[in-house]
Amino acid sequence: MRKPRAAVGSRSRCRKQASSQEGREKRALSSSQAKLSAPDAGLARQQEEVRLQAPVSPYHLFGDTAEVTVFRKSLLSWYDREKRDLPWRRRVEGEVDLDRRAYAVWVSEVMLQQTQVATVIDYYNRWMQEVNQLWAGLGYYSRGRRLQEGARKVVEELGGHMPRTAETLQWLLPGVGRYTARAIASIAFGQATGVVDGNVVRVLCRVRAIGADPSSTLVSQQLWSLAQQLVEPARPGDFNQAAMELGATVCTPQRPLCSQCPVQSLCRARQRVEREQLSASRSPPGSRDVEECAPNTGQCQLCAPPTEPWDQTLGVANFPRKVSRRPPREECSATCVLEQPRALGGARILLVQRPNSGLLAGLWEFPSVTAEPSGQHQRKALLRELQSWVGPVPATRLRHLGQVVHTFSHIKLTYQVYGLALEEQTPVAIVPPGARWLTREEFHTAAVSTAMKKVFRVYEGQQPGTCKGSKRSQVSTLSGWKKPSAGQQVLDSFFRPHIPC
């Protein structure tokens, strides 16, 4: 029987559409791969040789396919019962358009980088309604810019369609690394590829008793290999989310809930705890009820070094190995809240934009200068900075209000907070590029850092002169949230219409 023309035409369009997208991806991928230099390729070969030469005990691997099957089944069954109801999961499950589904995963994964789920939920819901300045309160401000760069590339170079594989996602989209690419590919497109994030590192290190430094090249490669071996081909997205969920809710850094773990029977760390407990109860010498890696030989590259003995009080939390971090370097800055109380339309404060690279790149802040902790020349340097933006200012009215100590991931920055009100001056309406006057309401919705919000609270007198805290534990409330403006890009206009097959 001859097929209806409409059906034939529809399938033909889909084939052409898929072929066109595949062609775009191949051309873009070839162009990107051409940039890989010979030294880079040589380094990759050397790393692979190191990995192959390094001895690894079977104790740390999944050598039995039956074990892999049990791990997959147990983890997914637990996930189906216990998974949290998160907005990005609901959106992905209910979205049939693959491009929109991939975008939803992309946004959530970038937001979740080094940020807790509870913090992200509200930002994610509002972001997916309107692409705006919400990300300032999340920290790691360059993430939003990279997402925007990637989105522009999808629209302008890839015809509004997301790359469909982990390889092309990582090669073609700025800011998309190995983890994010594989998360998108598995969750949105069903590609059977494993993922490794901090939660998965913890789960795998405990399940296979990997005590070596998880940040080392060899251990990292082994963890990625284990993740790829374990991923369930029929449900890769769910499996990857289940592994991350397990690390976030059960196999936690401190006080893990081992009794609730669905893969407890396969956990080498738990077996080690039981063995140590037997040893502590003076079991017969030489008895070995649990398989273990050959101890103290110094040969296995995945075992903890002999210099780090087992801590009985930690239990399974002996894994993964705690890597010592350098303390954040200390810096000092002088910043001034410059206000025009009698400006037309209400009081306004001055914000200037940071450079497009470096710490807090592209965000808006109060005029600031780098200062020595002694502060001998703070006032003069700060006055010069203010004058460079608005011209002459009354130096005698510059007041020191206190300080704010704000810890970023690698910098402990002390802000010496000043205030200056232009009470009698003619209102300044024109400022150079890179500066703008905002009302207090506009300030709360502007792309400013949490540190600047702390500075402003000192200026307003809402807190004592000294305010200490980390951006990880304090997230600003966006009390000035407004309805989306017509000029902002919304999700509905992000992708080109998709012709269903």
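Residues numbered from 1 in each chain as written. Predicted model: local features only at pLDDT ≥ 70, side-chain atom pairs only at ≥ 80, totals over all residues. Heavy atoms only, no water.

1. Describing the confidence of the model for the chain
Step number 1: When pLDDT is averaged along the chain, the result is 79, and 73% of the positions lie at 70 or above.
Step number 2: Scored below 50 in pLDDT, residues 34–52 makes three contacts in the model with residues more than four places away or belonging to other chains.
Step number 3: Confidence drops under pLDDT 50 across residues 285–290; counting only partners more than four residues distant or on other chains, this segment forms three contacts. (pLDDT = per-residue confidence, 0-100. Contact = heavy atoms within 4.5 Å.)

2. Regarding the pattern of salt bridges
Close approach of charged atoms allows side chains with opposite charge to pair.
Step number 1: In the structure shown here, the tally under the stated rule is 16 salt bridges.
Step number 2: Residues glutamate 95 and arginine 100 are paired through a salt bridge, measuring 3.4 Å at the closest nitrogen-oxygen approach.
Step number 3: The buried category is assigned to glutamate 95, whose relative accessible area is 17%.
Step number 4: Within the structure, one salt-bridge network assembled from shared partners comprises Asp80, Arg235 and Asp238. (Salt bridge = Lys/Arg side-chain N within 4 Å of Asp/Glu carboxyl O. Buried < 20%, exposed > 50% of the residue type's maximum accessible area, 1.4 Å probe, protein only.)

3. Some remarks on the nonpolar core
Step number 1: Counting 49 residues, the largest nonpolar core has Phe71, Leu75 and Leu246 as the members making the most contacts within it.
Step number 2: Elements represented by at least two residues in this core include exactly helix H3 (65–82), helix H9 (178–189), helix H10 (198–207), helix H11 (217–230), helix H12 (236–249) and helix H13 (268–280).
Step number 3: The element best represented in this core is H11, accounting for seven residues.
Step number 4: Contact partners of phenylalanine 71, with chain neighbours within four places excluded, come to Phe62, Val207, Leu230, Phe239, Val263 and Leu266. (Core = buried A, V, L, I, M, F, W, Y, C linked by side-chain atoms within 4.5 Å. Helix = DSSP H or I, 4+ residues; strand = E, 2+ residues; numbered from the N terminus.)

4. Quick word on the side chain of asparagine 240
Step number 1: Structurally, asparagine 240 can be placed in helix H12.
Step number 2: Here asparagine 240 falls in the buried class, since its relative accessible area comes to 2%.
Step number 3: Looking at asparagine 240, its side chain comes within polar contact range of the main-chain oxygen of threonine 193, at 2.9 Å.
Step number 4: Here asparagine 240 is in contact with Ser186, Thr193, Gly194, Val195 and Val231, once residues within four sequence places are set aside. (Polar contact = N/O pair within 3.5 Å; in protein donor to acceptor, adjacent residues only side chain to side chain.)

5. Side note on unusual backbone geometry
A negative phi holds for most residues other than glycine; trans holds for most peptide bonds.
Step number 1: Omega for the peptide link from phenylalanine 319 to proline 320 comes to -10°, which places this bond in the cis form.
Step number 2: Phi is positive for alanine 209, which is not a glycine, with a value near 50°.
Step number 3: Of note, alanine 209 is situated in the loop between H10 and H11.
Step number 4: Among the residues examined, alanine 209 registers a relative accessible area of 6% and is labelled buried.
Step number 5: Its identity is not glycine, yet arginine 255 carries a phi of approximately 50°, on the positive side.
Step number 6: With respect to the secondary-structure elements, arginine 255 resides in the loop between H12 and H13.
Step number 7: For arginine 255, a relative accessible area of 74% corresponds to the exposed category.

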